[in-house]
2 protein chains.
Amino acid sequence: MRIAVDVMGGDHGSGVVIDGVKAALQAPGHERIRQILLVGNQAEIEAGLGNARHRDPRIEILHASEVLTMDEKPVVGLRKKRDCSIARAVELVKEDKADAVISPGNTGGVVAAATLKLRPLPGVDRPGIVAVIPAPDNDFVLLDAGANIECRPRHLLHYAIMGSLYSQHILGYSKPRVGLLSVGTEEIKGNELTLEAYKLCKEIDGINFIGNVEGHDLFANRVDVVVCDGFVGNVVLKTCESLAKGFFNWLKRELTKAPHRAIGAFLAQAAFRTIKRRVDPDNVGGAPLLGLNGSVMIAHGSASAMAIKNAIRITSETLSHHLTDHIRQEIAHANQELEKLSAPAPSDGGAPRPALAP
Amino acid sequence: MRIAVDVMGGDHGSGVVIDGVKAALQAPGHERIRQILLVGNQAEIEAGLGNARHRDPRIEILHASEVLTMDEKPVVGLRKKRDCSIARAVELVKEDKADAVISPGNTGGVVAAATLKLRPLPGVDRPGIVAVIPAPDNDFVLLDAGANIECRPRHLLHYAIMGSLYSQHILGYSKPRVGLLSVGTEEIKGNELTLEAYKLCKEIDGINFIGNVEGHDLFANRVDVVVCDGFVGNVVLKTCESLAKGFFNWLKRELTKAPHRAIGAFLAQAAFRTIKRRVDPDNVGGAPLLGLNGSVMIAHGSASAMAIKNAIRITSETLSHHLTDHIRQEIAHANQELEKLSAPAPSDGGAPRPALAP
């Protein structure tokens with residue numbers, strides 16, 4: 001497989017991205033990678049790679065003269081900066097010169113570039129970002145984590161399907177429990193969007209839809225795929241990251257308040273380390289953008305080299321599991337089911353049955 | 001002060017509520033309480049109170065023959081069950097027989113009963129639930145935590161004002177930082193609702209509006225009042241509770257995996273206990289419903305006796321700080337400011353200036 005990496009645009013500069021790529025090319029499973037195309041400022045990349053003679057022959061460089069920065073409006077920025085690294089990296093997938101693209105840049109920019117250039121899969125209206133959230137008993141996936149801020153019910157149905165497939169193929173769950181994030185578990189609880197999405201999700205037989213879930217269910221092993229709009233998902237994801245980080249700082253402060261506590265902490269340090277490692281966002285590395293004609297991975301803007309390495313690993317897993325093909329099939333199937341439901345039933349003289357809201 | 005307590009409708013029955021009331025009547029500050037009116041099934045309350053001779057003379061009982069259950073649609077349920085405990089308890093405030101009401105029942109039911117019977121304050125469209133969330137460095141308030149699922153921009157502005165006043169008068173913050181919860185800190189990031197609400201909030205001089213905040217800011221001491229719609233607020237609040245609980249379970253599991261870890265945990269137990277006590281929802285006890293003609297406190301459905309005791313304490317604080325009066329004044333002032341902004345400027349010949357979205 002061939003992976004294009006947007007080297008620019010991350011918070012920590014191109015150096016960590018290049019280090020992450022080097023690490024990925026030596027990590028277990030690296031033999032699946034046939035080529036890595038580094039996209040960005042050529043001189044900067046050359047400098048980051050160091051002596052050409054010791055370079056992994058699978059690395060290639062594609063020069064891009066511009067960078068879409070974090071504070072630019074995505075669509076405007078992309079129009080202005082036609083030679084920016086994220087646009088060039090996505091084009092490599094479009095032109096079949098790469099199988100997947102990874103970027104640690106401006107999330108909105110990656111979503112816009114990928115959506116405009118690769119286009120959504122047939123039957124998909126909007127791509128969605130999948131975040132994998134570590135929990136004590138079951139890592140769960142949350143989507144959309146921020147690609148689609150103003151969602152329609154049909155988008156949530158598609159996220160339910162994509163999330164279910166992701167957790168099956170990538171996390172290895174056999175029958176993932178798919179829940180719609182709402183303010184109560186009862187079918188009548190929710191906002192306009194979730195109430196309509198509920199009606200759609202319960203009609204589809206390809207997913208194990210367990211109904212509404214609420215915040216209380218997330219870390220209690222009651223749901224494997226949490227479906228919500230991109231606004232809610234982004235807020236929830238970042239809140240969880242903030243709380244986990246705040247918690248460790250708080251713990252550290254309390255544990256250093258007295259000598260016997262510090263000794264206790266020293267004895268128990270392996271326990272803290274285990275959890276800390278599990279909840280470290282760099283461990284996941286990035287979040288795939290699903291629903292497009294091509295594999296796209298959004299790494300954290302503040303991604304470390306380890307995060308980039310892990311993002312490459314997950315990208316290569318989604319590629320080898322042909323996730324995009326599975327999504328294409330299941331979405332087509334679900335859309336057919338919905339059409340049948342909203343089409344006139346043959347026996348009632350063609351009188352239209354009440355259509356499900358789109 | 002006189003406080004009406006809806007004894008029925010909580011998850012754990014009337015017993016814990018009555019125990020909480022008894023505890024509150026002996027806790028520090030209890031001398032401020034002139035009367036507690038227990039509303040619910042008289043026989044059940046009598047049994048819970050035990051021997052009448054040993055009863056605190058400040059306790060009175062008001063019989064209500066029905067209970068609004070957790071799974072009932074609020075407005076429908078209230079219409080059907082006119083003699084339900086929450087309706088009767090709220091009426092005591094309306095009839096000036098009580099100064100405040102506390103209920104551990106169906107949140108939607110409390111919001112509906114209180115809104116219908118007490119009516120919003122002049123200029124307020126919708127009441128909001130204030131949740132106080134413990135954080136390492138600064139407890140922050142989040143509102144709306146679930147009263148108003150479909151919000152308009154103006155509602156969020158009012159929540160910003162109410163939350164700011166709550167954190168000043170009840171939490172003692174001198175100049176609370178008010179932030180609008182969104183998907184990025186830049187003014188251009190958000191959904192339709194938050195983008196419009198941003199424009200309103202920045203025009204009002206009564207609050208210290210710091211702009212958008214995102215999930216990452218919540219537990220990093222960057223914001224004191226987090227403003228969002230009731231759907232997002234409810235999801236965020238419950239997610240935080242779930243994560244905190246999951247975290248402690250996870251820690252416990254890891255700490256008991258090896259003898260030296262268990263010894264370490266024993267030595268450091270005071271550190272864990274400090275944090276656990278701070279994040280325990282029962283510590284806060286309940287969430288006030290602000291913006292109505294009267295004081296209303298919603299206790300957790302699963303509130304323990306300690307939670308009820310604390311809910312009574314906070315209710316008595318909001319009453320002694322005349323929070324409702326402050327809200328009335330500030331909302332009136334803000335609405336005037338907004339009207340000025342949307343009114344034609346006198347110097348430009350009466351041509352209307354672009355009105356701010358409501």
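These numbers were taken from a predicted model, which means no experiment stands behind them. (Residues numbered from 1 in each chain as written. Chains lettered and ligands numbered in written order. Predicted model: local features only at pLDDT ≥ 70, side-chain atom pairs only at ≥ 80, totals over all residues. Heavy atoms only, no water.)

**Q** Could you give an account of the interface of chain A and chain B, naming the residues involved and the relevant values?
**A** Taken together, the contact between chain A and chain B spans 59 residues of the former and 59 residues of the latter. Counting each side, the surface lost to burial between chain A and chain B is near 5,300 Å², with a carbon and sulfur contribution of 73%. For the chain A face of the interface with chain B, the top three residues by lost area are Phe231(A), Phe247(A) and Trp250(A), together amounting to 14%. Taken together, the links from chain A to chain B amount to four salt bridges. The salt bridge involving Arg253(A) is made with Asp137(B); its shortest N-O contact spans 2.8 Å. The tally of links from chain A across to chain B stands at 17 residue pairs in polar contact (both at pLDDT 80 or more). Counting residues per element, the ones that place at least two in the side of chain A that touches chain B are α7 (192-201), α8 (230-255), α9 (259-267) and α10 (269-279) of chain A. It is α8(A) that contributes the most residues to the side of chain A that touches chain B, 21 residues altogether. (Contact = heavy atoms within 4.5 Å. Buried area = accessible area lost by both parts, 1.4 Å probe. Salt bridge = Lys/Arg side-chain N within 4 Å of Asp/Glu carboxyl O. Polar contact = N/O pair within 3.5 Å; in protein donor to acceptor, adjacent residues only side chain to side chain. Helix = DSSP H or I, 4+ residues; strand = E, 2+ residues; numbered from the N terminus.)

**Q** Before we move on, can you summarise the confidence of the model for chain A with the specific residues and values?
**A** All names here are of chain A. On average, chain A scores 90 in pLDDT, and the residues at 70 or more come to 96%. With pLDDT under 50 throughout, residues 348-355 is counted as low confidence; its partners more than four residues away or in other chains account for eleven contacts. ipTM for the predicted complex: 0.89, alongside a pTM of 0.91. (pLDDT = per-residue confidence, 0-100.)

**Q** Can you explain α10(A)? Please cite residues and give values.
**A** Of the residues making up α10(A), those classed as buried are Ala271(A), Phe272(A), Ile275(A) and Val279(A). In an axial view of α10(A), the angular spread of the buried residues amounts to 95°, which keeps them on one side of the axis. Tucked into the core, α10(A) has its buried residues touching α8, α9 and α11 (281-284) of chain A together with α8 (230-255), α9 (259-267) and α10 (269-279) of chain B. (Buried < 20%, exposed > 50% of the residue type's maximum accessible area, 1.4 Å probe, protein only. Arc of directions from axis to C-beta.)

**Q** Quick rundown of the state of the cysteines? Include the residues and the values.
**A** Considering all chains together, one arrives at zero disulfides over all chains under this definition. Here Cys151(A) stays free of any disulfide, with the sulfur of Cys228(A) as its closest cysteine sulfur at 8.1 Å. (Disulfide = S-S within 2.5 Å.)

**Q** For the packing of aromatic side chains, give the residues involved together with the corresponding values.
**A** Inspection of every chain in the model, using the stated rule, returns eight aromatic pairs over all chains. Ring geometry for Phe272(A) against Phe272(B): centres 6.4 Å apart, planes inclined by 45°, an arrangement best described as tilted. You can see Phe272(A) sitting in helix α10 and its partner Phe272(B) sitting in helix α10, one on each of two chains. The pair Phe272(A) / Phe272(B) is uniform in exposure class, with both members buried. Grouped by ring-pair contacts, the aromatic residues Phe247(A), Phe248(A), Phe247(B) and Phe248(B) constitute a single cluster. The cationic tip of Lys276(A) hangs over the ring face of Phe248(A); the distance from NZ or CZ to the ring centre is 5.4 Å. (Phe/Tyr/Trp six-rings, centres within 6.5 Å; stacked < 30°, edge-to-face > 60°. Lys NZ or Arg CZ within 6 Å of the ring centre and 35° of its normal.)

**Q** Which residues make up the packing of α8(A) against α10(A), and what are the values?
**A** Residues and elements named next belong to chain A. It is the contact of α8 with α10, at a shortest axis distance of 11 Å, that shows an interaxial angle of 160°. Of the possible angle classes, the one that applies to α8 and α10 is roughly antiparallel. Crossing handedness for the pair α8 and α10: left-handed. Across the interface between the two elements, Ala244, Phe248, Leu251 and Leu255 from α8 touch Phe272, Ile275, Lys276 and Val279 from α10. For the contact of α8 with α10, the residue count by class is seven nonpolar, no polar and one charged. (Axes fitted to C-alpha atoms, helices over the stretch in contact; angles between N-to-C directions. Parallel < 35°, antiparallel > 145°, perpendicular 65-115°, else oblique. Left-handed = near helix turned anticlockwise from the far one by under 90°. Nonpolar A, V, L, I, M, F, W, Y, C, P; charged D, E, K, R; others polar.)

**Q** Run through helix α12 (residues 305-320) of chain B, naming residues and quoting values.
**A** The end-to-end C-alpha distance of α12(B) is 23 Å, a good match for the 22 Å that 16 residues give at a rise of 1.5 Å each. Within α12(B), the full set of buried residues consists of Ala307(B), Ile308(B), Asn310(B), Ala311(B), Ile312(B), Ile314(B), Thr315(B), Ser316(B), Thr318(B) and Leu319(B). (Expected span 1.5 Å × (residues − 1).)

**Q** Can you break down the relation of the copies chain A and chain B residue by residue, with the values?
**A** Rotating chain A by 180° about the axis while translating it 0.0 Å along that axis superimposes it on chain B, leaving an RMSD of 0.0 Å. Look at the turn and shift together and you get a two-fold axis relating the two. By C-alpha distance to the rotation axis, the residue of chain A lying nearest is Gly264(A), at 1.8 Å. A shared binding surface is used by both copies, with 100% of the interface residues of chain A retained as interface residues in chain B. (Least-squares fit on C-alpha atoms with pLDDT ≥ 70 in both.)

**Q** Could you give an account of the pattern of salt bridges, with specific residues and numbers?
**A** Residues and elements named next belong to chain A. Enumeration over the complete set of coordinates arrives at 44 salt bridges over all chains. Among the salt bridges present, the one from aspartate 56 reaches arginine 58, with a minimum N-O distance of 3.0 Å. Residues participating in the shared-partner salt-bridge network are Asp83, Arg88, Glu91 and Lys117.

**Q** Explain the sheet that holds strand β6 (residues 131-133) of chain B residue by residue, including any values.
**A** For sheets, the rule is that strands pair by backbone hydrogen bonds, running either parallel or antiparallel. Residues and elements named next belong to chain B. Here five strands make up an open sheet; going across it, the order is β6-β7-β10-β8-β9 and the pairing mixed. Edge positions in the sheet fall to β6 and β9 (208-213), since each of these pairs with one other strand and no more. Strand after strand, the sheet turns through a mean of 25° between neighbouring axes, direction not considered. In this fold α8 packs onto β6, β7 (140-143) and β8 (177-181), with an angle of close to 135° to the strand it touches most, β7. (Pairing = 2+ DSSP bridges.)

**Q** Describe in detail the packing of helix α1 (residues 13-24) of chain B against helix α2 (residues 42-49) of chain B, supporting the description with residues and values.
**A** Residue and element names in this part refer to chain B. Closest axis-to-axis distance for the α1/α2 pair is 9 Å, and the angle between their directions is 55°. Considering the angle they form, α1 stands oblique to α2. The element α1 and its partner α2 pack so that their crossing is right-handed. Across the interface between the two elements, Ser14, Ile18 and Lys22 of α1 pack against Glu44, Ile45, Gly48 and Leu49 of α2. For the contact of α1 with α2, the residue count by class is three nonpolar, two polar and two charged.

**Q** Summarise the pairing of β9(B); cite the residues concerned and give the values.
**A** Residues and elements named next belong to chain B. Inspection of the sheet shows β8 paired to β9 by five bridges, in the parallel sense. The partner of glycine 179 across the bridge, within β9, is glycine 211. Crossover handedness for the path β8 to helix α7 (residues 192-201) to β9: right-handed. (Right-handed = clockwise from strand over helix to strand, strands pointing away.)

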